[in-house]
Amino acid sequence: MANDLDELNGPINQQGRDVNVIEKQLPVQVGWGSTLFEIILWVLGIIPGLIFLFMKISASNYFKKLQQKIQADASTIDNYLEQRVQILQNVAKLVEKSVDLDKDVMKTVAAFRGGAIADGNRNIAAEQIDGAFARLFPQVEAYPELKAHLVIADAMQQNAYLQKEITAARSLYNDTVNQWNTDIYSWPTKMIVAARAGYTTRIPFSASAETKARAKEVFF
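Residues numbered from 1 in each chain as written. Predicted model: local features only at pLDDT ≥ 70, side-chain atom pairs only at ≥ 80, totals over all residues. Heavy atoms only, no water.

A. View of the environment of valine 151. As for its placement among the helices and strands, valine 151 is situated in helix 6 (residues 150-183). Along the backbone, valine 151 and asparagine 90 are 61 residues apart, and their C-alpha atoms lie at a distance of 8.9 Å. (Helix = DSSP H or I, 4+ residues; strand = E, 2+ residues; numbered from the N terminus.)

Shown next, in the form of structure tokens:
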């Protein structure tokens, strides 16, 4: 029998394909078969029913711990994003004195001034920050006296470091989200618990539109 997906004989899309993270949460659902399964366990005796009951309690506790892990991973991303916001504000303040800054940069700085990144808006915040830096640093590059400014030079290095840390933090967050999305469909125990609790799949952290566009540029 041949492979269902044959990488040697196609079909092949010669133009390639860009992919996106779908912003959709899928609810976990179980049918009457799962209810029947539980009834049969109790019909077979108290012990099988109790064993499965304890398994469900264990699964419920597992999901609660995993949710806390997801929150902790998300908080790490937020911390790095807020550090980038601080760098953006500091650099914009210094550059603004010498250069008529792009209005979009100043709008982004003003939007984040005095406010934290709202939960669930990490992708939006990341896109805004990426866009602001993409417009700010070329202006810095155009003025040697600004580029030579020690504070600005240090901020540019810090930003490059934070971008790497955010990438690593996103990977960790996405790994935990993938674990959640896999486990909630693990039948019978975890899937039944997830369905009864009304759990849904979670959306991974995705690259911003600004980052995707810049990744397609020629750098060398």
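B. Focus on the nonpolar core. In terms of nonpolar packing, the biggest core is built from 36 residues, with Phe63, Val91, Tyr173 and Trp180 touching the most fellow members. Within the residue set of this core, elements represented by two or more residues are helix 2 (46-96), helix 4 (122-141), helix 6 and helix 7 (189-197). With 13 residues, helix 2 is the largest single contributor of residues to this core. (Core = buried A, V, L, I, M, F, W, Y, C linked by side-chain atoms within 4.5 Å. Buried < 20%, exposed > 50% of the residue type's maximum accessible area, 1.4 Å probe, protein only.)

C. Representation of the packing of aromatic side chains in the model. A complete count under the given rule lists six aromatic pairs for this structure. Here a set of aromatic residues connected by ring pairs shows up, and it is made of Tyr62, Phe63, Trp180 and Tyr199. The ring of tyrosine 62 carries lysine 190 above its face, with NZ or CZ at 4.3 Å from the centroid. Just above the ring of tryptophan 180 sits the side chain of arginine 202; from NZ or CZ to the centre is 4.5 Å. (Phe/Tyr/Trp six-rings, centres within 6.5 Å; stacked < 30°, edge-to-face > 60°. Lys NZ or Arg CZ within 6 Å of the ring centre and 35° of its normal.)

D. Region of interest: helix 1 (residues 32-44). In this model helix 1 runs 18 Å from its N-terminal to its C-terminal C-alpha over 13 residues, within 8% of the 18 Å that 1.5 Å per residue would give. Looking only at helix 1, the buried set comprises Ser34, Glu38 and Leu41. Looking straight down helix 1, one finds its buried side chains confined to an arc of 55°; they lie on one side. Helix 1 presents Trp32, Val43 and Leu44 as exposed residues on the side facing more than 90 degrees away from its buried surface. Backbone geometry just after helix 1 places glycine 45 at a positive phi near 145°. (Expected span 1.5 Å × (residues − 1). Arc of directions from axis to C-beta.)

E. Layout of the side chain of threonine 189. Mapped onto the secondary structure, threonine 189 falls in helix 7. Residue threonine 189 is classed as buried on the basis of its relative accessible area of 10%. Discounting chain neighbours no more than four positions away, the residues touching threonine 189 are Phe52, Met55, Lys56 and Ala59. (Contact = heavy atoms within 4.5 Å.)

F. A look at the pattern of salt bridges. As enumerated under the stated definition, the model contains four salt bridges in all. The residue glutamate 38 makes a salt bridge to lysine 56 at a minimum N-O spacing of 2.6 Å. Here lysine 56 lies in helix 2 and glutamate 38 lies in helix 1, a separation of 18 residues in the sequence. Overall, glutamate 38 belongs to the buried group, its relative accessible area being 11%. Residues aspartate 183 and lysine 190 are paired through a salt bridge, measuring 3.9 Å at the closest nitrogen-oxygen approach. Look at the salt bridges and you will find they share partners, linking Glu38, Lys56 and Arg196 into a network. (Salt bridge = Lys/Arg side-chain N within 4 Å of Asp/Glu carboxyl O.)

G. Structural context of the confidence of the model for the protein. Confidence in the prediction of the protein, expressed as mean pLDDT, is 83, and 79% of residues score 70 or more. Taking the mean pLDDT of every element in the protein, the minimum, 63, falls on helix 5 (residues 144-147) and the maximum, 98, on helix 7. (pLDDT = per-residue confidence, 0-100.)

H. Highlighting the environment of glutamine 89. Mapped onto the fold, glutamine 89 is located in helix 2. Distance from glutamine 89 to threonine 108, taken between C-alpha atoms, is 9.1 Å for residues 19 residues apart in sequence.

I. Inspection of unusual backbone geometry at higher detail. For the bond running from tryptophan 187 to proline 188, omega is 10°, close enough to zero to count as cis. Take proline 188: it is sitting in the loop between helix 6 and helix 7.

J. Quick peek at a nonpolar patch on the surface. There is a patch of nonpolar side chains on the surface, built from Trp42, Ile46, Ile47, Leu50, Ile51, Leu53, Phe54, Met55 and Ile57 and spanning about 870 Å² of accessible area. The element best represented in the nonpolar patch is helix 2, accounting for eight residues. Mapped onto the elements, phenylalanine 54 comes out in helix 2. What makes phenylalanine 54 exposed here is its relative accessible area of 53%. (Patch = residues over 30% accessible without salt bridge, like charges linked within 9 Å, V, L, I, M, F, W, Y side chains within 5 Å. Areas by Shrake-Rupley, 256 points an atom, 1.4 Å probe, with all protein chains shown as cover.)

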